Protein chains: 2
Amino acid sequence: MAAEKKKRRRSEDDDDDAALPFKNRLKPDSVILQILQSFSSSSSAASTSKTLTLSDLSLSTTCREVADLSLTSVQSTIESLVLKIAKSILSGNGFSFDVPSRTSTNQLYVPELDRIVLKDKNTLRPFANVSSVRKSTITARILQLIHQLCMKNIHVTKRDLFYTDVKLFQDQSQSDAVLDDVSCMLGCTRSSLNVIAAEKGVVVGRLIFSDNGDMIDCTKMGMGGKAIPPNIDRVGDMQSDAMFILLVEKDAAYIRLAEDRFYNRFPCIIVTAKGQPDVATRLFLRKMKVELKLPVLALVDSDPYGLKILSVYGCGSKNMSYDSANLTTPDIKWLGVRPSDLDKYKIPEQCRLPMTEQDIKTGKDLLEEDFVKKNPGWVEELTLMVKTKQKAEIQALSTFGFQYLSEVYLPLKLQQKDWL
Amino acid sequence: MAAEKKKRRRSEDDDDDAALPFKNRLKPDSVILQILQSFSSSSSAASTSKTLTLSDLSLSTTCREVADLSLTSVQSTIESLVLKIAKSILSGNGFSFDVPSRTSTNQLYVPELDRIVLKDKNTLRPFANVSSVRKSTITARILQLIHQLCMKNIHVTKRDLFYTDVKLFQDQSQSDAVLDDVSCMLGCTRSSLNVIAAEKGVVVGRLIFSDNGDMIDCTKMGMGGKAIPPNIDRVGDMQSDAMFILLVEKDAAYIRLAEDRFYNRFPCIIVTAKGQPDVATRLFLRKMKVELKLPVLALVDSDPYGLKILSVYGCGSKNMSYDSANLTTPDIKWLGVRPSDLDKYKIPEQCRLPMTEQDIKTGKDLLEEDFVKKNPGWVEELTLMVKTKQKAEIQALSTFGFQYLSEVYLPLKLQQKDWL
């Protein structure tokens, strides 16, 4: 044991750590913690000041949003709708569903809210019409199935829903699309319908919460962390002494930080969806941000997809814009890895990758997006990326040693408040 | 509250549950639990009787296997190897690495062990040779990096390893391949080298274990479950009162069983890798089987890939056959969904899918594999699948109601001991 300790010390000396870029600029942790403390409390103050909602804005076009509804409300809303339809049939008028349009021409980016919302165009879906009879039948069936879920109080996946009536739905894209229509019609979120997506995110660090009645302490989840629950409505009682939330794109970086218990050195909550953000992780992140009033710092690859992922967490995907209020986490800071970091941190040429034609196109398209344009720092970084035609993964930092990420890069970023 | 309860009861009556296929054949849970109890103890007795290892067999060809080594052993093995090389250089002979061959001609399926192992062919990798100088340099560099990991006692991913010397490795497939070579050379598992794969599996149910020093109770992990740790060497202290392990292919089925807390009705541990089995989940499953001596029942889709996934858990992938002893879980039973279940459980035609040409080819190829051939029941099922040209997902059972899987299908399967 003593021999092993000695060996380890020797190996640290051998490392010649002073040669690591910027290692010598790091101040003591106590100084960095003070910086974080003031950042965290200013962010919390900003959160407690009233959050803008759609109704606070006098928009020329009326916009539509959905809300989390209780199971009982969803159930009674469906029952009222069905009663209305029955009356319409009995009075000899047949029936139609009045469905909010979810096409891109009916979407709007609202800068004050920093997210995409749905405008108020509706489409009639009459039953007695050759072109819409199938879709209105599917709509009725989905309403019935959702009603059943409400009464049983269980959760199912979209795939389960599809299999309950393959003959009618034919393929899953049809039941999925109508499910989103039904969310909009009832004015509630998809999670209120008890239809959930498979989870793939994990969380570790300074967070305690309840999952379906069980209290979970995320500082005691070892290296694997806690799987983020698929059903946000059974998540609650969040408590934390963290100073910020660290949102990580990839699991390799997550594993490094979890093993090093980074959250013990700098109190934080570390969360990742392992790539593309899924609905469960997006809902979980938002809930943490809203309940704990913590700032969110993002660590993504330095490529157009890293920024795109950040944008999905931040202002939502176009497909689910009707639910942007619940799915998005406003004011996420871009911590790294940013295009300017490549030179600043002297990432060697061979650890950078040339951008493909497609990468460059995606980068240029992003420069036209409202959520990028409103942040001059992001525009500058993205312009640099497209100009240099170079990208890099978070893992490129391993070139300076496996623990460079947790021991130098992140602490220095925090110390310098180097986020945008 | 009372009103809601009443509503729920009424809804159950409405369901006309008796019409569900086979619901009326279910015996009381106490009867099924007795059946499971005797299955579980016979399986445990079988496990405690000595497990066959390679050295117990007198095989005409000598085979090679790796073992879990402690970090200190890995370190000293590397040091001895390097000393030998230094001596060889000093005596004017230059140096070569002696690398076990991992090609398919050097692989062997051993029926007694029910897994693929590596034969004893070696290849010399001399430094002073144009065709192997690059590979032997990479080998030396990987040995040095692993030695560093041993001294620091940290875990990294294959991607991290690649980025420490992109200039030399050029692309990740090169460092990955040499990493497997190094495992074989040192005679140890890849996890002994502290190089880990990103985890994607989750576990829930009657299991308590320690992850990096934290005790985890998997009955208190809500619906999300516990993420399976990437580093098996920090997993320990497994305790369980389960009667079996239920291995589930997909997360939709996992979510259903976790929400219904199936493990409370029939004491079990539920585990899934959400599709293709990853190394972390395979190691975790094996560790559970070995330490808890529980039978493993598999619930996979009724298609060739379901059986292929089962086979990877059961007898390993060809690429990592040198480590098959640690990565495989012997004697996994095929519970369902089996091709014969489609008619038996009256799965409607529209919930079955036609097999593609590729599916049929994969099915026929599987029929030629040793691990299928040695189980006559599997051959029969697979032959039926290829003949009917029909496949079905686990979720197809939702056609009888969302909870048919947990309330009828699985209990009846257990009651009838209907596994192969």
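Residues numbered from 1 in each chain as written. Chains lettered and ligands numbered in written order. Predicted model: local features only at pLDDT ≥ 70, side-chain atom pairs only at ≥ 80, totals over all residues. Heavy atoms only, no water.

- Looking at an unreviewed UniProt entry, one finds chain A named DNA topoisomerase 6 subunit A and attributed to Trapa incisa.
- Under the UniProt heading Subcellular location (unreviewed entry), the note attached to chain A is "Nucleus". (UniProt positions renumbered as here; feature names shortened; annotations may be inferred.)

## Focus: the pattern of salt bridges
Residue and element names in this part refer to chain B.
Point 1. Inspection of the entire model under this criterion finds 56 salt bridges over all chains.
Point 2. Among the ionic pairs, Glu 349 bridges to Arg 352, the shortest N-O distance being 3.8 Å.
Point 3. By relative accessible area, Glu 349 is classed as exposed at 53%.
Point 4. Residue classification places Arg 352 among the buried positions, given a relative accessible area of 10%. (Salt bridge = Lys/Arg side-chain N within 4 Å of Asp/Glu carboxyl O. Buried < 20%, exposed > 50% of the residue type's maximum accessible area, 1.4 Å probe, protein only.)

## Describing the relation of the copies chain A and chain B
Point 1. For the pair chain A and chain B, the superposition axis carries a translation of 0.0 Å, the fit reaches an RMSD of 0.0 Å, and the rotation angle comes to 180°. As the rotation angle and translation indicate, the two copies are arranged about a two-fold axis.
Point 2. The residues that chain A uses at the interface reappear at the interface of chain B in 98% of cases, marking a shared surface. (Least-squares fit on C-alpha atoms with pLDDT ≥ 70 in both. Contact = heavy atoms within 4.5 Å.)

## Looking at the sheet that holds strand S10 (residues 214–217) of chain B
Two pairing modes exist for strands in a sheet, parallel and antiparallel, and in both the strands are linked by backbone hydrogen bonds.
Residue and element names in this part refer to chain B.
Point 1. Pairing within the open sheet is antiparallel, and its 3 strands lie in the order S10-S9-S12. Of all strands in the sheet, those with a lone pairing partner are S10 and strand S12 (235–239), marking the two edges. Averaged over all pairs of adjacent strands, the angle between strand axes in this sheet comes to 20°, irrespective of strand direction.
Point 2. When strand S9 (residues 208–211) meets S12, the two strands line up antiparallel, connected through 3 bridges. Residue pairing in the sheet places Asp 211 in a bridge with Val 235 of S12.
Point 3. Each of S9 and S12 is contacted by helix H10 (residues 279–292), which is oriented at about 45° to S12, the strand it contacts most. (Pairing = 2+ DSSP bridges. Helix = DSSP H or I, 4+ residues; strand = E, 2+ residues; numbered from the N terminus. Axes fitted to C-alpha atoms, helices over the stretch in contact; angles between N-to-C directions.)

## Some details on the interface of chain A and chain B
Point 1. Every contact between the two is made by 64 residues of chain A and, on the other side, 64 residues of chain B.
Point 2. Taken as a group, A:Met151, A:Tyr163 and A:Phe402 account for 14% of the area that chain A buries against chain B, more than any other trio of residues on that side.
Point 3. Applying the counting criterion to the chain A and chain B interface returns 6 salt bridges.
Point 4. At the boundary of chain A and chain B, one finds 32 residue pairs in polar contact (both at pLDDT 80 or more). (Buried area = accessible area lost by both parts, 1.4 Å probe. Polar contact = N/O pair within 3.5 Å; in protein donor to acceptor, adjacent residues only side chain to side chain.)

## Focus: the UniProt feature "binding site: Mg(2+)" (unreviewed entry) in chain A
Residue and element names in this part refer to chain A.
Point 1. As recorded in UniProt, the feature "binding site: Mg(2+)" (unreviewed entry) lies at Glu 249 and Asp 301. For this annotated set, covering 53 residues, all C-alpha atoms fall within 7.2 Å of each other, a compact arrangement in space.
Point 2. Inspection of the secondary structure puts Glu 249 in the loop between strand S13 (244–248) and helix H8 (251–259).
Point 3. Of the residues examined, Glu 249 reaches a relative accessible area of 6% and is grouped as buried.
Point 4. Other than its neighbours up to four places away in sequence, Glu 249 contacts Thr 272, Lys 274, Gly 275, Leu 299, Val 300, Asp 301, Gly 306, Ile 309 and Ile 394.
Point 5. Here Asp 301 shows up in the loop between strand S15 (296–299) and helix H11 (304–315).
Point 6. The class for Asp 301 is buried, based on a relative accessible area of 3%.
Point 7. Residue contacts for Asp 301: discarding those within four places in its chain leaves Glu 249, Lys 250, Gly 306, Val 337, Ala 392, Glu 393 and Ile 394.

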